[in-house]
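Residue-level listing of the chains:
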Amino acid sequence: MKCISVYTNNFELFSDIYEQVLESPPQENEDIVIDGITVSGSGDVPDQYIDRMRTKPEVVVMREKERNIMILQHGNVFEICLPTDEEEAV
């Protein structure tokens, strides 16, 4: 899965820019700023990473079923995990 990190702990601010991040996500290792919030292309993460993060009590896991997007929130960061083209085809 492709991962995008959004550096805020404010869910309301995250929600405000969520669609904008999905419309024009940063490239891998690229940082962009949207409404004063840093958004970073974190590259690919293995499925095991998501499974490991789900077990941690300090991590909030959200899922957008229609687009198969996982959102992990921990500390001061939201991680948006998007399926790659190969994963969508399966």
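For the structure, check the block above.
Residues numbered from 1 in each chain as written. Predicted model: local features only at pLDDT ≥ 70, side-chain atom pairs only at ≥ 80, totals over all residues. Heavy atoms only, no water.

**Q** Sorry, what's going on with the sheet that holds strand β3 (residues 37-44) here?
**A** Working definition: the strands of a sheet are paired by backbone hydrogen bonds and lie parallel or antiparallel to each other. Strand order in the open sheet formed by six strands is β2-β3-β1-β6-β5-β4, with antiparallel pairing between adjacent strands. Edge strands, defined here as strands with exactly one partner in the open sheet, are β2 (31-34) and β4 (60-64). Averaged over neighbouring strand pairs, the angle between their axes works out to 25° when direction is ignored. For β4 and strand β5 (residues 69-74), the ladder comprises five bridges, and the chain directions are antiparallel. Across the sheet, the residue bridging to Glu64 is Ile69, located in β5. Helix α1 (residues 11-23) rests against β1 (2-6), β2, β3, β4, β5 and β6 (77-82) of the sheet, and its axis sits at about 30° to β6. The sheet strands contacting helix α2 (residues 47-54) are β4, β5 and β6, and the helix crosses β5 at an angle near 45°. (Pairing = 2+ DSSP bridges. Helix = DSSP H or I, 4+ residues; strand = E, 2+ residues; numbered from the N terminus. Axes fitted to C-alpha atoms, helices over the stretch in contact; angles between N-to-C directions. Contact = heavy atoms within 4.5 Å.)

**Q** Is there a simple way to explain the pattern of salt bridges in this structure?
**A** Where side chains of opposite charge bring their charged atoms close, a pairing between them can arise. Inspection of every chain in the model, using the stated rule, returns two salt bridges. With a shortest N-O distance of 2.7 Å, Glu19 and Arg67 are connected by a salt bridge. You can see Glu19 sitting in helix α1 and its partner Arg67 sitting in the loop between β4 and β5, a full 48 residues away along the chain. Using a relative accessible area of 34% as the deciding quantity, one classes Arg67 as partly exposed. With a closest N to O distance of 2.5 Å, Arg67 and Glu64 form a salt bridge. Several salt bridges share partner residues, and in doing so they unite Glu19, Glu64 and Arg67 into one network. (Salt bridge = Lys/Arg side-chain N within 4 Å of Asp/Glu carboxyl O. Buried < 20%, exposed > 50% of the residue type's maximum accessible area, 1.4 Å probe, protein only.)

None of the figures reported here should be taken as evidence of function without further support.
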